[in-house]
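Each chain, written out:
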Amino acid sequence: MVLLLLSFASPLFAQKTKGKSKGQLEKEIQSLQKEISTANQLLKKTTKDKEMTLNEVNLLDKKIKQREQLIKAYNEQIALLDAEINAGQSNIRNLNSDLVKLQKEYAKMVVFANKNRNNYERLGFVFASKDFNQAFRRLRYIREFSDARKLKMDQIAATEKRISGEVEASQKAREERAAMLADEKVQQSELKTEKEELNRQVAMLKKQEGNIQQDIKNKQQQTQKLQKAIDDIIAEEIRKANAEAERKEAEKKANANKGKTTTTTPTTKPKSETGMALSPAEKSLSTSFVSNKGKLPWPVERGVISSSYGKHASAVSSKVTVTNNGIDIATIAGASARAVFDGEVASVTKLMGSNTVVIIRHGEYFTVYSNLENVTVKRGDKVKTKQNIGIVHTSKTENKTELHFELLKEQYRQNPANWLSK
């Protein structure tokens, strides 16, 4: 008896490519849609006749980039659905081919069974054996033939069910693809409108390019002051941590040497890789902080990154390069800033141009929350993940509510966007 091995590709075959999986793309699309929605809310007061501020132009520029990423994600998703549909059609053809083979084999069995359809003929076939062994083999053959017919029927039923499933999955993929194409068309239209508006607003602001360049220069000077203040505070934290570790080590050594005349060799104080002494609890906190990279909650509940980490040209003036030591997050007026992880408040400082700055220590890591008011924590306070620490300041002149957020490993700055959840 010939047994067919049915090994067919599943619709899941098309769910992954060399790039992102279908699930990853769906998550990315949802995230981008949420960010665009937040950006729309932040820009909702701006009418077509109103001249935008530099902050609003930056927000619009950011929203355009997000929409371009969204369209790209739609195209990648459509490509995956195309692959899924093609794979499904191939599966259906293969299954139909196998079904034909199974049906032909079953038909042959039915013909044979009809020729030997009564028990008398079967018994005669057994009793006509030359000896007991032959009779036993013939009886076993009859049973195996009956089992084979049942197996073939089960295989036919299973194949028909698989075909039905593939057809249904293929139809679902086609419907999803059609909806995706319709959404993409809407996004393309919105993108065109937004680009036209951005060009119009940039042209209007370019008339004030000299003033804008001076504003950006002033903000860069404020940024440098903020950086120095942060570096000084963290340097002091490192100095105190090391001094405390040395004190404890000296105390331990003194206790060990009580009543002894011999001296012991000093042990090396526990330090992190870059030189900061850590207690076992602080080291554990640092390890936990690192393990949550890419999963930390945002320092505000809702927001859009209006200025990314590192160096980049201004949206209005290409002659000016902006350097950002962290990220700026535009949010709604009255929004609360919140700790992104468990830790201890290392500093609460008021700085000109940055309002109140809160620095939280997480072992050897530090997070910085700048441009706050009505701060609810003080130095030395223990804070928990997502605990509110103050209100993000709203600038009436610039029409923005923006949190400046930084993340450092001791005094080495990191890109905060890589640490926050997507």
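Residues numbered from 1 in each chain as written. Predicted model: local features only at pLDDT ≥ 70, side-chain atom pairs only at ≥ 80, totals over all residues. Heavy atoms only, no water.

Trainee: Give me the pairing of strand β12 (residues 400–409): which residues, what numbers.
Mentor: Burial analysis of β12 places ten of its ten residues in the buried class, which makes it a mostly covered element. Bridge count for strand β4 (residues 327–330) against β12 is four bridges, and the pairing is antiparallel. Opposite Asp 328, over in β12, you have His 404 as the bridge partner. Pairing of strand β8 (residues 365–373) with β12 involves six bridges; the strand directions are antiparallel. Note that in β12 the partner of Tyr 365 across the bridge is Lys 409. Sheet topology note: the strand β11 (residues 394–395)/β12 ladder contains two bridges and is antiparallel. (Buried < 20%, exposed > 50% of the residue type's maximum accessible area, 1.4 Å probe, protein only. Helix = DSSP H or I, 4+ residues; strand = E, 2+ residues; numbered from the N terminus. Pairing = 2+ DSSP bridges.)

Trainee: I'd like to hear about the confidence of the model for the protein, residue by residue, with values.
Mentor: Of the residues in the protein, 78% reach a pLDDT of 70 or more, and the chain-wide mean stands at 80. In the predicted structure, residues 1–17 sits below a pLDDT of 50 and forms 32 contacts with residues beyond four places in sequence or in another chain. With pLDDT under 50 throughout, residues 262–269 is counted as low confidence; its partners more than four residues away or in other chains account for eight contacts. (pLDDT = per-residue confidence, 0-100. Contact = heavy atoms within 4.5 Å.)

Trainee: Which residues make up the environment of Ala 337, and what are the values?
Mentor: Mapped onto the elements, Ala 337 comes out in strand β5 (residues 336–338). Judged by relative accessible area, Ala 337 falls into the buried class, the value being 0%. Spatially, the C-alpha atom of Ala 337 lies 6.1 Å from that of Val 392, the residues being 55 residues apart in sequence. When neighbours within four sequence positions are excluded, Ala 337 is seen to be in contact with Pro 299, Val 300, Leu 372, Gln 387, Asn 388, Ile 389, Gly 390, Val 392 and Leu 403.

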